[in-house]
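The chain contents come next:
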Amino acid sequence: MAVSTFRTETEQGVATIFIDVPGEPVNTLRDDFQSEFQAVLATLADDASVRAIVIASGKPEGFIAGADVQMLSRARSAAEAAELSRGGQQAMDKLEALARKKPIVAAVHGPALGGGYELTLACTYRICSDDKKTQLGLPEVQLGLLPGAGGTQRLPRLIGIAQALDIILAGKTVKAPKAKKLGMVDEVVPRSILLEVAKTRARELADGKLKISRKRLDLSGGLPKLLKGLTPEVLQTIALEDNPLGRKVLFQQAKKALLKQTKGNYPAPEKALEAVRIGAEQGLEAGLKAEATLFGELVVSDVSKRLVEIFFATTALKKDTGVDEPNIQGAKVEKIGMLGAGLMGAGIAYIAADNGIFVRLKDKDDAGLARGLTQIRGILDEGVKRKRITRRDRDEKLARVTGATDFSGLTHAEVVVEAVFEDLALKQKTVAEIEKSAPRAIFASNTSSIPIGKIAEGAAHPENVIGMHFFSPVNKMPLLEVIRAPKTSSQTVATVVALGKKMGKTVIVVNDGVGFYTSRILAPYLNEASFLLAEGGAIDEIDRALTGFGFPVGPLQLLDEVGIDVGTKVAHIMHAAFGDRLLAPSGIDKLIADGRLGRKAKKGFYSYGEEKGKSRKSVDETVYDLLPGGRTRTPVSAGEAAERCVLQMVNEAALCLGEKVLRSARDGDIGAVFGLGWPPFRGGPFRYADSLGAKTIVERLRRYEEKLGLRFKPAPLLVEMAASGATFFPVAMV
Ligand code: NAI
C-alpha cells in the first residue's frame, strides 16, 4: 500500500493535518497531492466532531516548498499547463469554502513558498514560527512563471494591491517579522508553541471568540470610522487602490517600473501584473481565469524553460561532488587559513566566517591586516543596519576571524586559501611556506590568471594544490570556479567543492589552463568590444548593444569596473597562450599610458566626477582623442555588435568544452550566468547555441571570419556538431 502524505490527529474538536510527502526531504505539491488532500478534507468536512482544522507540516524543517517543478515541465501545451493551474485553483477554492464552515489555521515553520504559501492564503488564519528558516512568499517569477493557484488574486485582497505587487513581481520571499508587518501572516510565535497556539486559535475561531479584522477595508459603504486613525501613507494607498482612477494609475506606474527593469525580456512579471489587474478590475472569477491562462502560456515559454533549466542545473550541482569517482567525498572543513587580507582575501574570510568556519587571516603587515578586518566588519555592520542580522550574530561571526602577520595559528587549518598579489614567484614561495607551517593543509589559490600547475611546480605535494577562483565582490557573486591542475588529487577537489558549497557558493570544477573557463570566455568577448571601439564605434552604443542582449552592464563599462590595465594584462596573457586568434586591436595600450585605468582611477571610458543625483553614467568624450577616429564616431549596428561579442564568447566556450577544460556544457552555462552575468533568460552560451543550432552558429562565425579574420574561426566541436546535427543538451521530448 502506498504511504500516505497526510496524517490527521483530532483533539477537542480540532483536527490537525500533518503534511509529509513520503520519500522526499521537503514537501512539494506533486500531481497526486491534490486528490489525496481533497479526500482528507472531505472526511473532515463530514465529521461532526471536527469543528476546526489546523494544517501543519510533518517534516521537521519545512512547510511546503512549492509546486513540483518537474511536474510543470512535463506539460506539453499551454492549455495543459493552464489545466494544472485550474486544478490548483479549484483545490484552493474548496479549501476556502470549507474554511467558511470550519475555520482552518495554517501553522507554518520553515519555507512556505509558491503553491505552499498559496495554500495558506485559502485558510482562515496564518501563524508562523519566528525561526530563521521560516520564509513566506511567491517566488514563481524567478522561474519565469506566476503564482497559479490563486496567489495573484488572494494576496492583493489580503494585503493590498501595491504591497502584493511588490512581492509577486519580484518573486520575493520574506522572513516572519516582515510577513507579519505586511499582513501576510496574522501571528508570529516561537516554534516550540506554534502548534499549540494554532490549535487554540482554531478553537477560538470556531467559538467566535476570535474575530479577524484585516487591514484591507471595504470602502463601498462610505468611509468607516476606523480610517480616521490611519497614517496618510496608508490612506493614500487605500484611496489609490479603491477608486478606479487611482487603480489605473497604480497599474500604469507598476508596468512602467517593471519594463524599466526587465527591458521586456522577462514576460512572467508582466503577465502576473496583468492577472492582478484583471482581478482588481473585473472581479475574482475573471482574475482566476486570467491567472490560469497566463500561467499556461508562461509554462511553455522559452524564457521559463531556460530559467527552469538553470534551476535544475544548480540543483544538480548542489549534489555534485566535483569528481567522477563515486567513493570520494569531501572532507569536513572547520577552519581555514586566509593569506592576504586585501579586497578578495577579506571577502573570502567574511563568507567563511558568515557560514560558521573559523578563519586565521594573515597579511604581510599590520596595515594590510587592519584594512581587511575593517572590510569584514563593514559588511557585517551593513547587515546589522539592514536588519539582516542582529548585533549578536555580528559579534559571533567576527569572533571567528583572528589575524596575524606571521604563519602562526595555521596548524589546524584543513585548507589554506591564498589571495596575495598576482605574482607567480610570490605564490610559489607561499606554497613552500605553507607546506612547512601547515603540512597537511590543502593549498587553494585565488589567482585570476596564473595556471595552478605552475603555482604547484615547486610543491612537495602538488596533489594538495588547487585553484579556488572567487569573483568580486565575494560576498555578492554566487559563483566559485574550482580549478583542478593535472596533479591535483580527487580528494582535494571534493573537499574544496564541499567547502565552497558550505560558503554558500554555486561551484563548478574546471581543468587547469590559461584563463580557466570564465576568464577565458570573457577575454575574447571584451576583445571584440575593443575591436568595435577601434573601428570607430561609440562607447555607449557598444554597451547598449550588449545590455540590449541582456547583460547587466556593457563590456566597456565592465572593463572600467575590472580595470582597463587588468583587462589589458589578461589580454596579453591570452594572446601569448592562444596566439593571434586573441590579438587585441592596436591603440588600446594608449589608454593606460594616459592613466585611464577605469573606475578605480576615476578615469576610463565613462566619467566619474561628482555623480550625486545623476542616475545615468555618461561617456568621457576625451577618451576618443586617444582612439582611432577621434570624437567623430561611426554608428554601430546594435545587432552586429551584440552578435560579434556574443559569438566570440560562445565559440570560446565550445573550445573549452572540446578541450575538456569544462566537465560539461551544464557547468559552462552556470559559469557564464553566475560568474559573468550572461542573461539567464538565454540559458547560457551552450543553451543559446542549441537554441540557434550549431549549423547557424558556424555559418555566422564563417561569415565574420571572411570579413574580419582568424578570430572568428569556428571551434572544431561546433563544426563537427553542425555536420552531424548534434546538440549540447538532449533535445526535450515534446
Ligand atoms: P589586493 O592587492 O587587494 O590584496 C592583496 C593582499 O595581499 C594585500 O593586502 C597584501 O598586503 C597582501 N599580501 C601581499 N603579499 C603577501 C604575503 N606574502 N603574505 C600575506 N599577504 C600578502 O588584491 P586582490 O584584488 O585582493 O587580489 C588578490 C588575488 O586575488 C590576486 O591573485 C588576484 O589576481 C586574485 N583575484 C582578484 C580578483 C579581483 O576582482 N580583484 C578576482 C579574482 C581573483
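Residues numbered from 1 in each chain as written. Predicted model: local features only at pLDDT ≥ 70, side-chain atom pairs only at ≥ 80, totals over all residues. Heavy atoms only, no water.

### Quick look at the overall build of the protein chain
When helices and strands are counted, the protein chain shows 29 helices and 17 strands. A globule of 734 residues ought to have a C-alpha radius of gyration of about 27 Å, and the protein chain, at 28 Å, matches this closely. A principal-axis box enclosing the C-alpha atoms of the protein chain has dimensions of 80 × 60 × 55 Å. The 734 residues of the protein chain split such that 52% are buried. For the protein chain, the computed accessible surface area is about 33,100 Å², with 55% contributed by carbon and sulfur atoms. Across the protein chain, the mean location of the 101 positive side-chain charges is 4 Å away from that of the 88 negative side-chain charges. (Helix = DSSP H or I, 4+ residues; strand = E, 2+ residues; numbered from the N terminus. Rg over C-alpha atoms; globule rule 2.2 N^0.38 Å. Buried < 20%, exposed > 50% of the residue type's maximum accessible area, 1.4 Å probe, protein only. Areas by Shrake-Rupley, 256 points an atom, 1.4 Å probe, with all protein chains shown as cover. Lys, Arg positive; Asp, Glu negative; His and termini not counted. Charge placed at Lys NZ, Arg CZ, Asp CG, Glu CD.)

### Section: the site of the ligand
Lining the immediate surroundings of the ligand are 20 residues, of which Met344, Asp363, Glu422, Lys427 and Ser448 lie closest. At 3.1 Å from an oxygen atom of the ligand is found a main-chain nitrogen or oxygen belonging to Leu343. Here Asn446 contributes a side-chain N or O atom positioned 3.0 Å from an oxygen atom of the ligand. Among the elements of the structure, α14 (343-354), α17 (424-437) and β15 (465-470) are those that each provide at least two residues to the shell around the ligand. (Near = heavy atom within 4 Å. Polar contact = N/O pair within 3.5 Å; in protein donor to acceptor, adjacent residues only side chain to side chain.)

### Comments concerning the nonpolar core
Core analysis: the biggest nonpolar cluster contains 89 residues, and Tyr517, Ile539, Phe605, Trp678, Phe686, Leu718 and Phe728 have the highest contact counts within it. No other element matches the 12 residues that helix α25 (residues 638-658) contributes to this core. Looking at which domains feed residues into this core, each of domain 2 (335-513) and domain 3 (519-585 + 637-724) gives three or more. Beyond its immediate chain neighbours, meaning those up to four positions away, Phe728 contacts Ala654, Leu657, Ala665, Phe686, Ala689, Asp690, Leu717, Leu718 and Met721. (Core = buried A, V, L, I, M, F, W, Y, C linked by side-chain atoms within 4.5 Å. Domains from an automatic or database assignment. Contact = heavy atoms within 4.5 Å.)

### Quick look at helix α1 (residues 33-46)
With 14 residues, α1 extends 20 Å from end C-alpha to end C-alpha; this agrees with the ideal 20 Å at 1.5 Å per step. The complete set of buried residues in α1 reads Phe33, Gln34, Phe37, Gln38, Val40, Leu41 and Leu44. All buried residues of α1 project into a common sector of 165° when viewed along the axis, lining one side. Set apart from the buried face of α1 by more than 90 degrees, the exposed residues are Ser35, Thr43 and Asp46. Contacts made by the buried residues of α1 are with β1 (6-11), β2 (14-19), β3 (52-57), α3 (78-101) and α4 (115-121). (Expected span 1.5 Å × (residues − 1). Arc of directions from axis to C-beta.)

### Description of the packing of helix α5 (residues 151-159) against helix α12 (residues 284-299)
Close contact between α5 and α12 brings their axes to 8 Å; oriented N to C, the two are set at 135°. As judged from the angle between their axes, α5 and α12 are oblique. Judged by residue contacts, Gly151, Thr152, Gln153 and Arg157 of α5 engage Leu284, Gly287, Leu288 and Glu291 from α12. Grouping the amino acids of the contact of α5 with α12 by side-chain chemistry returns two nonpolar, four polar and two charged. (Axes fitted to C-alpha atoms, helices over the stretch in contact; angles between N-to-C directions. Parallel < 35°, antiparallel > 145°, perpendicular 65-115°, else oblique. Nonpolar A, V, L, I, M, F, W, Y, C, P; charged D, E, K, R; others polar.)

### Examining the sheet that holds strand β6 (residues 125-129)
Sheet strands line up and pair through hydrogen bonds in the backbone, either parallel or antiparallel. Taking strand neighbours across the sheet as the criterion, the six strands line up as β1-β2-β3-β4-β6-β9 in an open arrangement whose pairing is mixed. Two strands bound the open sheet, and with one partner strand each, they are β1 and β9 (187-189). For this sheet, the mean angle separating the axes of adjacent strands, direction not counted, is 20°. Relative to β9, β6 is paired through three bridges, and the arrangement is parallel. By the bridge assignment for β9, Cys128 is matched with Val188. (Pairing = 2+ DSSP bridges.)

### Considerations on the confidence of the model for the protein chain
For the protein chain, the mean per-residue pLDDT works out to 92, and 94% of the residues sit at or above 70. Confidence drops under pLDDT 50 across residues 217-228; counting only partners more than four residues distant or on other chains, this segment forms 11 contacts. (pLDDT = per-residue confidence, 0-100.)

### A few points about the domain arrangement of the protein chain
On domain assignment, one finds that the protein chain holds domain 1 (6-300), domain 2 (335-513) and domain 3 (519-585 + 637-724). For domain 1 and domain 2, the distance between their C-alpha centroids amounts to 43 Å.

### Thoughts on the packing of aromatic side chains
Summed over the entire model, instances satisfying the criterion amount to 13 aromatic pairs. A ring pair is formed by Tyr266 and Phe681, whose centres lie 5.2 Å apart and whose planes are at 75°; its orientation type is edge-to-face. You can see Tyr266 sitting in the loop between α10 (244-262) and α11 (267-282) and its partner Phe681 sitting in the loop between α26 (665-676) and α27 (685-692), a full 415 residues away along the chain. Consider the rings of Phe551 and Trp678, whose centres lie 5.8 Å apart with planes at 80°: the pair is edge-to-face. With Phe551 in the loop between α21 (539-549) and α22 (555-562) and Trp678 in the loop between α26 and α27, this pair connects stretches of sequence that are 127 residues apart. Take Phe551: its relative accessible area is 4%, and that puts it in the buried class. In this structure Trp678 comes out as buried when scored by relative accessible area, which is 0%. (Phe/Tyr/Trp six-rings, centres within 6.5 Å; stacked < 30°, edge-to-face > 60°.)

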